[in-house]
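Breakdown of the fold
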Amino acid sequence: MKLTGQNADPANQGEVSAEYGVIVSKMVTSGSKATVTVPHGNLKPATTYAFRTPAYDGSLYETDWSPYATFKTRGRQVDITLPAPKKDAADPAFDTSWQPVPGWGSVQTKDAAGERHCEATGQGDRLCLAWEPATKADFEAARESRARLKSTRAANPPLHDSCEVGAAQDTYLSIFTRDKACMYGKFSVQVTDEQGQEEKGYQEFLYSSHMSTALTGTELKLWARVTPLPMPAGHLPFPAQPGAIKLTISPQCSAGCMDKPAYAWDGNLMWGGSYDIDPHEETATATVPWSGGVPDESGKKDSDLSQALAFAPYAFSTSVPETFPTDNSQGFIGNPVYVRCDMVYSPAGCVFRDYMPGYVFNTAKTPAAAAHAWLIQAKIREGAPLSYLPDRRGDTGEHGERNQYGRDLDANRRVICPDSWAAKSGHPDTTPVTDISASDKASCDEFTFAASYNSGGMPSAMSGTNPVTSGDKCARTYATKLSDGTWRLYDDERTAAPTWSEVCGRSAMSGWINSTSMSRFPTFAKNLRLIDQDAYFVRTPGFDKCDATKPTIKCDIR
């Protein structure tokens, strides 16, 4: 077979890199199909070629060539232009920015359902206590009320000034990090007649609750504030009388707390009427030590060495002893916030279990690895979090001892990146960075990570979410440095184009870039106390110019 030049112009003869300038097939039975493989480097993507061929019967060649036929190579599905790797680029901080607290509602949506409880007072009236997610308007009303007070008995400052500011500016009011939480809710006290038709007294309060865990320590700190809100239209205020409204508010801990938690309030949680009569606010603090109890202190699995504590930042009860005398009170327990303490890492520490920290790639230092992670995370996984699969404790433990299935991470890795795959099967144009590391050579990078339940190598029987039988089932790319000095992440044109229905990615790239991109992960996991099956995000800065919604990914992040 003899190829013509680019664009299938027979007049533009293009030789192939083969013996005698032609490609010769193996002998086949007469009438059967003969195939040839064009050597790498002879064909360009998205180009139409013409070819012709004579036959050979083992002794004689045909003297005439066949008519020309044409074919077209497929175009690039991935073409990301990258900056050159910078060996000394400063590492970015891990992402520990504020996230919404599950179950505590937001400014724009009602993520938490409200509650309302009513009970007869024994005096022919009905006492009701209701709770609902606070809104930004509630928060601002409390802030303005506080500013108008000539004096305040609120002696305890907030634990987290930053979330007090963020709550007024962000989408979500109730927000948290791995070791800080700020929750806001609104509750109301109401007295009506027995049928609930005639209102006799009403008041709303903003409840603010802050919590802190210790990433290296076992004490939890709590802070609370109760602020009366201005009277909404259509409601009747409580009359002026000492002790018109009395509240009892305490935190609750399901298990694992050394002592029963209790708030130390700076006042007696009593108001002498509604807001216009008594607008003062009260604050409280509490310190709650973790008991240190774990299922098996001599165990090796993360589940042996950790304990979850369900905290309710408030348990409300209320009465109106002076205005509407009764022996009854009304109350309920708030939505829990989960704290988890562990001895997996030393020293012991505690985190907010449901917060998802972010591992941040150093795009400037390892652009090819960041590009591969961005491509799969954005195009295939649509930004979904990953689930952590830990390996062993320290460097001398048994591989897989920390996770519930005893899974060795290398077993995941071998499914996607078999030994010597990069040398044997990786794209021949993969470029090592020998100017940074003299011994560097091509390697195989998989995403999602082998150290995750999302790895294509993790079996479904072990809670694997994306199992495949081989890395050949993944979207395949490679990182190369062109002759003009520019770096690119390309899809592997030797195989079928990605369909984006794949569940994983496999990329041939510099071994130094591959290993360096993940060299900070052990620090990330330890500092933020990731344990088996913890959720976390992957962040890849610098890809704002890339649009993952398009079928073909072409962008320049330099």
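Here the structure is a predicted model, which is why all the values come from computation and not from measurement.

1. Some words on the sheet that holds strand β24 (residues 487-491)
- If you walk across this open sheet you meet the six strands as β22-β25-β23-β24-β4-β27, and the pairing is mixed. Two strands in the sheet have a free side with no partner beyond their single neighbour: β22 (442-447) and β27 (553-556). The mean angle between the axes of side-by-side strands here comes to 20 degrees, regardless of whether they run parallel or antiparallel.
- Of the pairings in the sheet, the one linking strand β4 (residues 78-82) to β24 comprises four bridges and is antiparallel in character. Bridge pairing in β24 links Thr81 to Arg488.
- In the packing of helix α3 (residues 367-380) onto the sheet, the strands contacted are β4, β22, β23 (475-481), β24, β25 (505-510) and β27, and the crossing angle to β25 comes to about 170 degrees.
- Helix α4 (residues 409-416) contacts β22 and β25 of the sheet and is inclined by roughly 105 degrees relative to β22.

2. Let's talk about the confidence of the model for the protein chain
- Considering every residue of the protein chain, the mean pLDDT works out to 87; 89% of them sit at 70 or more.
- Of the regions scoring below 50 in pLDDT, residues 107-111 engages in 13 contacts with residues more than four places distant in sequence or in other chains.

3. Brief notes about unusual backbone geometry
- Cis geometry is adopted by the peptide bond preceding Pro347, which originates at Ser346 and carries an omega value of 0 degrees.
- Locating Pro347 in the fold gives a position in the loop between β18 (337-342) and β19 (349-352).
- Between Phe447 and Thr448 the backbone carries a cis peptide bond, its omega angle lying at 10 degrees.
- When you line up the elements, Thr448 lands in the loop between β22 and β23.

4. Quick look at empty space enclosed by the protein
- Counted according to the given criterion, the structure contains one cavity of 30 Å³ or more.
- Put simply, the largest cavity is a space of about 40 Å³.
- Lining of the largest cavity is provided by Phe361, Ala369, His372, Ala373, Asp445, Glu446, Phe447, Phe449, Ser517 and Met518.
- Breaking the lining of the largest cavity down by element, the ones donating at least two residues are α3 and β22.
- When grouped by side-chain class, the residues that make up the lining of the largest cavity number six nonpolar, two polar and two charged.

5. As for the environment of Arg488
- Relative to the helices and strands, Arg488 is located in strand β24.
- On the accessibility criterion, Arg488 (18% relative accessible area) is buried.
- Separated by 58 residues in sequence, Arg488 and Thr430 have C-alpha atoms that sit 10.0 Å apart.
- The residues contacting Arg488, other than those within four sequence positions of it, are Asp79, Ile80, Thr81, Leu82, Tyr478, Ala479, Thr480 and Leu482.
- Within polar-contact distance, the side chain of Arg488 engages the side chain of Thr81 at 2.9 Å.

6. A closer look at a nonpolar patch on the surface
- Together, Met27, Tyr56 and Tyr61 give the surface a local cluster of nonpolar side chains, amounting to about 360 Å² of exposed area.
- Locating Tyr61 in the fold gives a position in the loop between β2 (48-52) and β3 (69-72).
- Under the relative-accessibility criterion, Tyr61 is labelled exposed at 54%.

7. Considering the side chain of Asp532
- Within the secondary structure layout, Asp532 lies in the loop between α7 (521-527) and β26 (535-539).
- One buried charged residue, Asp532, remains without a salt bridge, the closest side chain of opposite sign being Lys301 at 7.3 Å.
- A distance of 2.7 Å separates polar atoms of two side chains, one belonging to Asp532 and the other to Tyr453.
- Apart from residues lying up to four places away in sequence, Asp532 is in contact with Asp302, Tyr388, Leu389, Pro390, Arg402, Asn403, Gln404 and Tyr453.

Criteria and thresholds
- Residues numbered from 1 in each chain as written.
- Predicted model: local features only at pLDDT ≥ 70, side-chain atom pairs only at ≥ 80, totals over all residues.
- Heavy atoms only, no water.
- Pairing = 2+ DSSP bridges.
- Helix = DSSP H or I, 4+ residues; strand = E, 2+ residues; numbered from the N terminus.
- Axes fitted to C-alpha atoms, helices over the stretch in contact; angles between N-to-C directions.
- Contact = heavy atoms within 4.5 Å.
- pLDDT = per-residue confidence, 0-100.
- 1 Å grid on protein atoms, 1.4 Å probe; cavity = no way out; pocket = protein on both sides within 12 Å on 5 of 7 lines; lining within 4 Å.
- Points joined across faces, edges and corners; volume = space filled by probe spheres on them.
- Nonpolar A, V, L, I, M, F, W, Y, C, P; charged D, E, K, R; others polar.
- Buried < 20%, exposed > 50% of the residue type's maximum accessible area, 1.4 Å probe, protein only.
- Polar contact = N/O pair within 3.5 Å; in protein donor to acceptor, adjacent residues only side chain to side chain.
- Patch = residues over 30% accessible without salt bridge, like charges linked within 9 Å, V, L, I, M, F, W, Y side chains within 5 Å.
- Areas by Shrake-Rupley, 256 points an atom, 1.4 Å probe, with all protein chains shown as cover.
- Salt bridge = Lys/Arg side-chain N within 4 Å of Asp/Glu carboxyl O.
- Lys, Arg positive; Asp, Glu negative; His and termini not counted.

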